[in-house]
Amino acid sequence: MHMEKIIIAPSILSANFANLQKDIQMVENAGADWLHIDVMDGHFVPNITIGAPVIKSIRKVTNLFFDVHLMISEPQKYYQVFQKAGANLITFHSEVNTDKKNLIQDIKYFGIKAGISIKPKTNISEIEELLPYLDLVLIMTVEPGFGGQSFMDNVIYKIKDLKKLINSRKYNCIIEVDGGINDQTAKICINAGANALVSGSYIFSSNNVKESIQTLKI
Ligand code: DX5
Ligand code: ZN
């Protein structure tokens, strides 16, 4: 039995881009806690999605907390633009080539939260020394790039290991999971120690969004 509050972050990658306002307000009214926004540059991942102008526009139509997932090669060049557009949390990837501790501190300097994400093949040890500075670690449970992929079971041990580390050192750091999250895989992740669940296709393909969001929390 888990006691912590579980944060549900619908990913707008699976929303209708011709009517983002409607879909965002739908998940907001259905009890979403955060809105997960996937930014891809066609370089770090083999797909291109949306940038800061879209975030700035949707900022005007919702009060949801903006969880911005940067799948881009040079987050150090762009984080300020995303902060100005309305991000409440900026997560960049551990696999990029930049001074990560510095970037975390730069993001937090603006009064917003900073997270780091690891791809399925990246180990926890890569980010261990950054944990004292991080608000969140995003564990990818699929290869980043596309919605609608299948959850990778072999990543579960990383959620457990990270949870142990955070608890034993009393860090204040959220564990978020992203990729292939549905009613079944959500339970596995919560039991392993995840506090925040990103879900795209499961939520947006449902004909009862409120019910699916509730189901993910249990
Ligand atoms: C994938 C993105 C995810 C994606 C999740 O690279 O980071 O946020 O939208 O979609 P589902 O829940 O459909 O796997
Ligand atoms: Zn994402």
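Please refer to the structure placed before this passage.
Asks: Give me the pattern of salt bridges: which residues, what numbers.
Replies: Taken as a whole, this structure holds five salt bridges when the rule is applied. One salt bridge in this structure joins Asp-33 and Lys-5, with 2.9 Å as the shortest N-O distance. Of this pair, Asp-33 sits in the loop between α1 (20-29) and β2 (34-40) while Lys-5 sits in the segment before β1 (7-10), and the two are 28 residues apart along the sequence. In this structure, the salt-bridge partner of Glu-128 is Arg-169, at a minimum N-O distance of 2.8 Å. Taken together, the residues Glu-128 in the loop between β5 (113-118) and β6 (136-140) and Arg-169 in the loop between α5 (156-168) and β7 (174-178) connect sequence positions 41 residues apart. Residue class for Glu-128 comes out partly exposed when judged on its relative accessible area of 28%. Judged by relative accessible area, Arg-169 falls into the partly exposed class, the value being 38%. Put simply, Lys-5, Asp-33 and Lys-217 are held in one network by salt bridges that share partners.

Asks: Pulling in residues and values, what's your account of the site of ligand 1?
Replies: The immediate surroundings of ligand 1 are formed by 20 residues, with Asp-38, Gly-145, Asp-178, Gly-200 and Ser-201 found nearest. Asp-38 places a polar side-chain atom, nitrogen or oxygen, 2.8 Å from an oxygen atom of ligand 1. Gly-145 is positioned with one of its backbone polar atoms (N or O) 2.7 Å from an oxygen atom of ligand 1. No other element matches the three residues that β2 contributes to the shell around ligand 1. The class makeup of the residues in the shell around ligand 1 is seven nonpolar, eleven polar and two charged.

Asks: Tell me about the packing of helix α3 (residues 75-85) against helix α4 (residues 100-109), and name the residues and values.
Replies: α4 packs onto α3 with a crossing angle of 10 degrees between their chain directions and a minimal axis gap of 10 Å. Considering their axes alone, α3 and α4 lie roughly parallel with respect to each other. The residues of α4 that touch α3, namely those facing Pro-75, Gln-76 and Tyr-79, are Leu-103, Asp-106 and Ile-107. Looking at side-chain class alone, the contact of α3 with α4 contains four nonpolar, one polar and one charged residues.

Asks: Tell me what's going on with unusual backbone geometry, and back it up with residues and numbers.
Replies: A positive phi angle, near 55 degrees, is found at Lys-170, a position not held by glycine. Turning to its location among the elements, Lys-170 is positioned in the loop between α5 and β7.

Asks: Any chance you could break down the coordination of the zinc ion (ligand 2) for me, citing the residues and the numbers?
Replies: For the zinc ion (ligand 2), the full set of protein donor atoms is His-36 (NE2), Asp-38 (OD), His-69 (ND1) and Asp-178 (OD), and the range of their distances to it is 2.0 to 2.3 Å. Geometry at the zinc ion (ligand 2) is octahedral, judged from its six donor atoms and the angles of 70 to 169 degrees they form at the metal. Donor residues for the zinc ion (ligand 2) sit on one chain with the sequence pattern H-x1-D-x30-H-x108-D. Linking His-69 in strand β3 (residues 65-71) with Asp-178 in strand β7, this pair joins segments that are 109 residues apart in sequence. An identical accessibility class is assigned to His-69 and Asp-178; each is buried.

Asks: Would you mind going over the packing of aromatic side chains in detail, with residue names and values included?
Replies: Enumeration over the complete set of coordinates arrives at three aromatic pairs. Plain terms: the ring middles of Tyr-79 and Phe-110 are 6.1 Å apart, the flat faces sit at 65 degrees to each other, and that makes the pair edge-to-face. Pair noted here: Tyr-79 is in helix α3 and Phe-110 is in the loop between α4 and β5, with a separation of 31 residues, a long-range link. Given a relative accessible area of 9%, Tyr-79 falls into the buried group. Seen in terms of ring centroids, Tyr-109 and Phe-110 are 6.1 Å apart; in terms of plane orientation they differ by 80 degrees. Their pairing is edge-to-face. Taking relative accessible area as the criterion, Phe-110 reaches 29% and is therefore assigned partly exposed. A connected cluster of aromatic rings, assembled from ring pairs, spans Tyr-79, Tyr-109 and Phe-110. The ring of Phe-66 has Arg-59 lying over it, and the distance from NZ or CZ to the ring centre is 3.7 Å. The positively charged end of Lys-119 is found above the aromatic ring belonging to Phe-44, 5.1 Å away from the centroid.

Conventions and cut-offs
- Here the residue index of a chain counts from 1 through its sequence in written order.
- Working convention: letters from A go to chains and numbers from 1 go to ligands, in the order in which they are written.
- The predicted nature of this model means local features are confined to residues of pLDDT at least 70 and side-chain atom pairs, given and counted, to a pLDDT of 80 or more, with totals for whole chains, interfaces and linings taken over all residues.
- Excluded from the side-chain calculations are hydrogens and water; all other atoms, namely the structure's heavy atoms, are used.
- Whenever a carboxyl oxygen of Asp or Glu lies within 4 Å of a side-chain nitrogen of Lys or Arg, that contact is scored as a salt bridge.
- Numbered from the N terminus, helices here are DSSP runs of H or I no shorter than four residues, and strands are runs of E no shorter than two.
- Partly exposed residues are those whose accessible area sits between 20% and 50% of the maximum for their type, while under 20% is buried and over 50% is exposed, using a 1.4 Å probe and protein chains only.
- If even one non-hydrogen atom of a residue comes within 4 Å of a molecule or strand, that residue is called near it.
- The term polar contact refers here to a pair of N or O atoms within 3.5 Å; inside protein, the definition further demands a hydrogen-donor-capable atom paired with an acceptor-capable atom, and it admits residues adjacent in sequence only when both atoms are side-chain atoms.
- In this classification, the charged set is Asp, Glu, Lys and Arg, the nonpolar set is Ala, Val, Leu, Ile, Met, Phe, Trp, Tyr, Cys and Pro, and all remaining amino acids, among them Gly, are polar.
- Here an axis means a line fitted to C-alpha atoms, over the contact stretch when the element is a helix, while the angle between two N-to-C directions is reported on a 0 to 180 degree scale.
- By the definition adopted for this analysis, an angle is roughly parallel if under 35 degrees, roughly antiparallel if over 145, roughly perpendicular if from 65 to 115, and oblique otherwise.
- In this description, contact between two residues means that some pair of their heavy atoms is separated by no more than 4.5 Å.
- Sites may look incomplete, because water is not among the atoms used; the donor set itself consists of N, O and S atoms within 2.8 Å of the metal (3.2 Å for Na, K and Ca).
- A four-donor site is called tetrahedral if each angle lies between 85 and 135 degrees; a four-donor site is square planar, and a six-donor site octahedral, when trans pairs exceed 155 degrees and the remaining angles lie between 65 and 115; all other cases are labelled irregular.
- For Phe, Tyr and Trp, rings pair up if their centres lie within 6.5 Å, where Trp contributes its six-membered ring, and each pair is then called stacked (planes under 30 degrees apart), edge-to-face (over 60) or tilted (otherwise).
- Geometrically, a lysine NZ or arginine CZ counts as sitting over a ring once it is within 6 Å of the ring centre and also within 35 degrees of the ring normal.

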